[in-house]
Amino acid sequence: MSNPIVRVIQDFAIAEQLRVDLIGAGLPQDNVVLSPIGDEAGPGQSNFTVGDSSEVKGGTDYKDVFRPEGDVHGACILRVLAQDARQEELALAVLERHRTAAPHAISERGMP
C-alpha cells in the first residue's frame, strides 16, 4: 500500500491510548507498533565507564558527555501500516484527534 505512518509520541500514556484507539478504529493489531526510543538503562548504543573521578573526561557525567542528542527517555515511535486508503484515512483521523488534544506530545509530521 503506501508508506508507513510514523510519529514520535513524547508521553507513554498518550502513546498507549493512541494505539488502543487505532486498533479500535479497525486497524489490525499487528500493523500498529509502539517502540521505545530509550529506557531507564539509557540508549541502546552506549559504552562508558562509571565511578571515575569527575575530573576525568566523562567521569560519571553521562548527561553532558555520553547522552546522545535528541535522546528522550519515555518517548515512543508509533508505526502504523495501513493496508488500504480507508485504513490510512482512519489512522490519520485518529492521529489528528490525539494531536489536537495533546499537541506537545505528538509530532506533527512523520519521520523519514
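Values in this document were obtained by computation on a predicted structure and should not be read as measured data.

Student: What is the right way to look at the pattern of salt bridges in this model?
Tutor: Opposite charge on two side chains makes pairing possible when the charged atoms of those side chains draw close. In this structure the tally under the stated criterion is two salt bridges. As a salt-bridge pair, Arg-19 and Glu-16 come within 3.9 Å of each other at their nearest N and O atoms. You can see Arg-19 and its partner Glu-16 sitting in helix 1 (residues 12-24), three residues apart, about one turn around the helix. When its relative accessible area of 18% is taken as the criterion, Arg-19 is described as buried. By relative accessible area, which is 30% here, Glu-16 ends up partly exposed. A salt bridge links Glu-96 to Arg-99, with the nearest nitrogen and oxygen atoms 2.9 Å apart. Residue Glu-96 and its partner Arg-99 are both found in helix 3 (residues 85-101); the two are separated by three residues, about one turn of the helix.

Student: Before we go on, may I ask you to explain the pairing of strand 1 (residues 5-9) in this structure?
Tutor: Consecutive side chains along a regular strand alternate between the two faces of the sheet. Judged by how many residues are buried, strand 1 sits mostly within the fold: five of five residues are covered. Neither face of strand 1 is left uncovered, since the one carrying Ile-5, Arg-7 and Ile-9 and the one carrying Val-6 and Val-8 both have all their residues buried. Here strand 1 pairs with strand 3 (residues 76-80) via five bridges, running antiparallel. Across the sheet, the residue bridging to Val-8 is Ile-77, located in strand 3.

Student: Looking at this structure, I do not really get the sheet that holds strand 3. What am I missing?
Tutor: The strands that make up a sheet pair up through hydrogen bonds in the backbone, lying either parallel or antiparallel. As summarised here, the arrangement of the three strands in space is 1-3-2, forming an open sheet in which the pairing is antiparallel. Because the sheet does not close on itself, it has two edges, and the strands there are strand 1 and strand 2 (32-36). Averaged over all pairs of adjacent strands, the angle between strand axes in this sheet comes to 20 degrees, irrespective of strand direction. In the sheet, strand 2 pairs with strand 3 via five bridges, with the strands oriented antiparallel. Along strand 3, the bridge assignment pairs Pro-36 with Cys-76. Sitting on the sheet, helix 1 touches strand 1, strand 2 and strand 3, and the angle it makes with strand 2 is about 165 degrees. Together, strand 1 and strand 3 form the strand contacts of helix 3, whose direction differs from that of strand 1 by roughly 15 degrees.

Student: Whenever I open this one, helix 3 confuses me. Can you help?
Tutor: Think of an α-helix as turning once every 3.6 residues; residues three or four places apart then point the same way. Taking 1.5 Å of rise per residue, 17 residues should cover 24 Å, and helix 3 covers 24 Å from first to last C-alpha, within 8% of that figure. Buried residues along helix 3 sit in contact with strand 1, helix 1 and strand 3. Two or three places before Arg-86, at the opening of helix 3, Asp-84 has a side-chain oxygen 3.1 Å from that residue's backbone nitrogen.

Student: How should the side chain of His-98 be read in this particular structure?
Tutor: Tracing the chain through its elements places His-98 in helix 3. The exposure class assigned to His-98 is buried, which follows from its relative accessible area of 11%. In this structure, His-98 is in contact with Gln-17, Leu-18, Asp-21 and Ile-106, ignoring residues within four places of it in sequence.

Student: What should I look at first to understand the environment of Ala-25 in this one?
Tutor: Relative to the elements of secondary structure, Ala-25 occurs in the loop between helix 1 and strand 2. Classification of Ala-25 by relative accessible area gives partly exposed; the value is 27%. Spatially, the C-alpha atoms of Ala-25 and Val-94 are 8.0 Å apart, while their sequence positions differ by 69 residues. Among all residues touching Ala-25, those that are not within four sequence positions of it are Leu-90 and Val-94.

Criteria and thresholds
Residues numbered from 1 in each chain as written. Predicted model: local features only at pLDDT ≥ 70, side-chain atom pairs only at ≥ 80, totals over all residues. Heavy atoms only, no water. Salt bridge = Lys/Arg side-chain N within 4 Å of Asp/Glu carboxyl O. Helix = DSSP H or I, 4+ residues; strand = E, 2+ residues; numbered from the N terminus. Buried < 20%, exposed > 50% of the residue type's maximum accessible area, 1.4 Å probe, protein only. Pairing = 2+ DSSP bridges. Axes fitted to C-alpha atoms, helices over the stretch in contact; angles between N-to-C directions. Contact = heavy atoms within 4.5 Å. Expected span 1.5 Å × (residues − 1). Polar contact = N/O pair within 3.5 Å; in protein donor to acceptor, adjacent residues only side chain to side chain.

On their own, these measurements won't tell you what the molecule is for.
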